[in-house]
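Descriptive structure summary
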Amino acid sequence: MYMPTNTHILTAEFDYERPVTLKEALSMLDGQHGDVRLVAGGTDLFVQMKMERWSPSVVVSLAGVSELRGISSKDGLTIGALTSIREIGALPIARSQYTAVHEACHAFSTVQIMIMGTIGGNLCNASPAADSAPALLVFDVSLNLVSSTGSRKVALGDFFVGPGKTVLAKGEIVHSIVLPKPVTGTGSAFLKVSRVIADISKACAAVKLVRNGDKIAGCRIALGAVSPVPKRVERAEQSLIGVAGGALAFELAASIAAEDICPISDVRASEAYRRHVAKVIVRDALMAAWLRTAKGTDK
């Protein structure tokens, strides 16, 4: 019976391509056969290859494709797929208008991983526990996808189809991530529970609230590591629309959220623990976001 060597070195042979333009990258994808993997920061792909879980025949690095970099804050926020988690977390506009995203970036493993890991890579990895996904979901983010035959826009909520699986077609690349501009009275928050700060989530949650007087005019709640894909809990969201913000309303919404997830038991946490923790962090994130709504737009 075959046993992986688990030597933590790259043992398999593979071809390595490094295009310098988007057109060249897309052309390479069209011309390749077999198991072709894209790599941006490499913080996940190379780990999986060292563990011999993945053995691609071709690795195409996007690191040199400058068209996939850049940040625009015109009418919202557009972030190139190769933008690092560290860069996003350092953006003043992320801290002031997209606080849940700012907090998710700062909860993201170690500084070294923040510097190397990219937002596009984190989303395309499609881990149920991806820290960036819930925070982006509450801001109704869309992704710009490109291929040699054209482009299309996909809502982030429709992007994930299962653990490690997305709607990306063969030959497609995530070009950029688009965050709409928050309305006045928006507050958001992200919370995560993990074994140690550098570990992946046992459970994480992001919320966004829109305040109108003492009432909640808009609500988004999303969780990670408690379902096969990062997901919104729409029944919990609806329970808050039109009601006064406060501890009782947030406790009820958190209880509904805990009912509507489907966590598993694994080496990091039990199903019961994840369900309990989800309720706690949703409640606390709602209160944090509500307090921020009083200041206008997030912090």
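Above this text sits the structure in question.
Now for a look at the structure at hand. (Residues numbered from 1 in each chain as written. Predicted model: local features only at pLDDT ≥ 70, side-chain atom pairs only at ≥ 80, totals over all residues. Heavy atoms only, no water.)

Another aspect to go through is unusual backbone geometry. For Ala126, which is not glycine, the phi dihedral falls at a positive 55°. Structurally, Ala126 is set in the loop between α7 (119-124) and α8 (132-137). (Helix = DSSP H or I, 4+ residues; strand = E, 2+ residues; numbered from the N terminus.)

This brings us to the pattern of salt bridges. Pairs can form between side chains of opposite charge whenever their charged atoms are close. Per the stated rule, a full pass over the model turns up 16 salt bridges. The residue Arg37 makes a salt bridge to Asp35 at a minimum N-O spacing of 3.4 Å. Under the relative-accessibility criterion, Arg37 is labelled partly exposed at 26%. Ionic pairing is found between Asp199 and Arg195, a salt bridge with its closest N-O pair at 3.3 Å. Overlapping salt bridges, with partners in common, bring together Asp140, Arg220, Arg232 and Glu237 in one network. (Salt bridge = Lys/Arg side-chain N within 4 Å of Asp/Glu carboxyl O. Buried < 20%, exposed > 50% of the residue type's maximum accessible area, 1.4 Å probe, protein only.)

With that settled, the discussion passes to the sheet that holds strand β10 (residues 173-179). Taking strand neighbours across the sheet as the criterion, the five strands line up as β4-β5-β10-β6-β7 in an open arrangement whose pairing is antiparallel. Two strands in the sheet have a free side with no partner beyond their single neighbour: β4 (71-72) and β7 (150-155). Here strand β6 (residues 142-147) pairs with β7 via six bridges, running antiparallel. If you follow Leu145 over to β7, its bridge partner there is Arg152. Contacts between helix α1 (residues 22-31) and the sheet are confined to β6 and β10, with β10 contributing the most and set at about 130° to the helix. (Pairing = 2+ DSSP bridges. Contact = heavy atoms within 4.5 Å. Axes fitted to C-alpha atoms, helices over the stretch in contact; angles between N-to-C directions.)

By the definition in use, this model includes three aromatic pairs. For the ring pair Phe159 and Phe160, a centre distance of 5.5 Å and an interplane angle of 75° mean the geometry is edge-to-face. Across the pair, exposure class does not vary: Phe159 and Phe160 are buried alike. Taking the centre distance of 6.3 Å and the plane angle of 70° together, the rings of Phe250 and Trp290 count as edge-to-face. Of this pair, Phe250 sits in helix α11 (residues 247-259) while Trp290 is found in helix α12 (residues 271-293), placing the two residues 40 residues apart along the sequence. According to the relative accessible area criterion, Phe250 is buried, its value standing at 0%. The ring of Trp290 is capped by Arg211, whose NZ or CZ atom sits 4.0 Å from the centre of that ring. (Phe/Tyr/Trp six-rings, centres within 6.5 Å; stacked < 30°, edge-to-face > 60°. Lys NZ or Arg CZ within 6 Å of the ring centre and 35° of its normal.)

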